[in-house]
Amino acid sequence: MLRSLWIGLLLCACALPAAAEQAAKAKRNQGGFPYPPRMDGAVVEVYKTAGDVKLNIYIFNPQGHKSSDRSPAIVFFFGGGWTSGSPGQFEPHCRYLASRGMVAMAADYRVASRHQVKAVDCVRDAKSALRWIRKNASRLGIDPDRIAAGGGSAGGHLAAAISTIGKFDEPGEDTSVSSKPNAMVLFNPAVVVAPVRDLDPGRPVGLRDRLGVEPVELSPYHHVKPGVPPAIIFHGKADTTVPFITVDIFTQAMKKAGNRCELNDYEGETHGFFNFGRGGNKAFFDTLKKTDRFLASLGYLTGEPTVDDFSWPSVR
C-alpha cells in the first residue's frame with residue numbers, strides 16, 4: 001500500500017503546477033482570490049525583500065487593538081502548488097479570527113509562475129514571515145509565544161515545513177529569532193513529499209527540480225520529532241491531489257513522537273473543499289468552528305465560536 005501511496009503522490013506532486021494554474025484561472029474568472037489581492041481594511045507591510053521582489057503581509061487587527069497588547073496571532077499561507085495562488089484565499093479566515101481577538105495575517109510568498117523559484121524558496125519565505133512577525137511582535141501588539149501558522153495545500157506544506165524542518169533559513173537573517181510557530185492549522189496539506197520508509201520506486205523526472213532540493217529534505221513527515229507544535233488538520237477523504245493516507249501517517253507519526261495532532265476527515269470531499277464560497281460554505285463553517293475550538297484549547301481564544309453570527313457578506 002505504501003508503494004502505491006508514493007507512486008500516487010508523485011503523480012499528484014508532478015501534476016500540481018498545471019492543476020493549480022487551471023484552478024487559479026478558474027477562480028480569477030469567477031472573481032475569487034485575485035492577485036495582487038485586494039483586502040480592504042488590512043494593514044499592509046513588507047516583511048521581506050528578495051532581489052527586486054517585495055513580499056507583503058496583510059494584517060487584520062482586532063477592534064481596538066493597540067501595540068501595547070499581547071494578542072495571539074496566526075499567519076496563513078495560500079495554496080497553489082508552490083506555483084500560483086493569492087493571499088486572498090485566507091481573507092475570510094483572517095477577518096473572522098481578528099473578530100475573535102487574534103492578530104490574523106495572510107502572507108504573500110514567491111511562487112514559480114511569478115518569480116521562477118523552487119518550493120524550497122517558498123519555505124525560506126515562510127520562515128522569513130514567521131521570523132518577521134516574532135521580531136516585530138512588540139510593535140504589532142503580538143505575544144511572540146502564541147503565533148500559529150496555517151495554510152492550505154502547498155501553503156499547508158509551508159506551515160508544516162517551518163514547524164518541523166530546521167534548515168533553509170534565508171541567508172543573512174537573524175536566526176536568534178525563531179521561525180518556528182507555536183501551533184499549526186492545516187487544510188489538505190502536502191506533508192509527505194518523499195518516499196515512505198524503505199520503499200522507493202525510483203525518483204520521478206522533475207520532482208527534485210520542482211522542489212529545488214532532495215524531496216526528503218522538504219518533507220515534513222520525515223522530520224517529525226518530539227517538540228513539534230500542536231496541529232489540527234482538515235482533509236477530504238476523496239482528495240486525489242493530496243491523498244488522505246499522507247495526512248493519516250503524518251498524524252500517526254506526530255502522536256508517536258508525543259506531539260498533539262488532531263485529524264478531521266471529511267467523507268466524499270475533494271481538494272480545496274474548505275474554501276470560502278464552496279459548497280454553500282458548509283465545510284468552511286465547520287472547519288472554522290473546529291479551528292476556533294482548537295485555538296481556544298491552546299489559550300489563544302476564549303468563549304464559543306461566533307461563526308454563525310459573523311457578518312460574512314462583507315467578505316468577497
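Provided above is the structure to which this section pertains.
Residues numbered from 1 in each chain as written. Predicted model: local features only at pLDDT ≥ 70, side-chain atom pairs only at ≥ 80, totals over all residues. Heavy atoms only, no water.

What follows is about the pattern of salt bridges. When the charged atoms of two side chains lie near each other, side chains of opposite charge can form a pair. By the definition in use, this model includes 21 salt bridges. Where D292 meets R100, a salt bridge forms, and the shortest distance between an N and an O atom there is 2.7 Å. Taken together, the residues D292 in helix α9 (residues 282-297) and R100 in the loop between α2 (91-99) and β4 (103-107) connect sequence positions 192 residues apart. For D292, a relative accessible area of 0% translates into the label buried. Classification of R100 as buried rests on a relative accessible area of 15%. Between R146 and D143 there is a salt bridge whose closest N-O contact spans 2.9 Å. Here the residues in one salt-bridge network are K48, R110, D125 and E170, joined through shared partners. (Salt bridge = Lys/Arg side-chain N within 4 Å of Asp/Glu carboxyl O. Helix = DSSP H or I, 4+ residues; strand = E, 2+ residues; numbered from the N terminus. Buried < 20%, exposed > 50% of the residue type's maximum accessible area, 1.4 Å probe, protein only.)

To continue, consider the packing of aromatic side chains. Per the counting criterion, the structure on display carries 17 aromatic pairs. For the pair F90 and F187, a centre-to-centre distance of 5.9 Å together with 45° between the ring planes defines the contact as tilted. With a gap of 97 residues between them, F90 in the loop between β3 (71-77) and α2 and F187 in strand β6 (residues 183-187) connect regions that are remote in the sequence. In terms of burial, F90 and F187 fall into one category: buried. Seen in terms of ring centroids, Y96 and W312 are 6.0 Å apart; in terms of plane orientation they differ by 25°. Their pairing is stacked. With Y96 in helix α2 and W312 in the segment after α9, this pair connects stretches of sequence that are 216 residues apart. With respect to burial, Y96 and W312 carry one shared label: buried. Positioned above the aromatic ring of Y35, the side-chain terminus of R114 is 3.5 Å from the ring centre. The residue whose ring lies beneath K237 is F244, and the NZ or CZ to ring-centre distance is 5.3 Å. (Phe/Tyr/Trp six-rings, centres within 6.5 Å; stacked < 30°, edge-to-face > 60°. Lys NZ or Arg CZ within 6 Å of the ring centre and 35° of its normal.)

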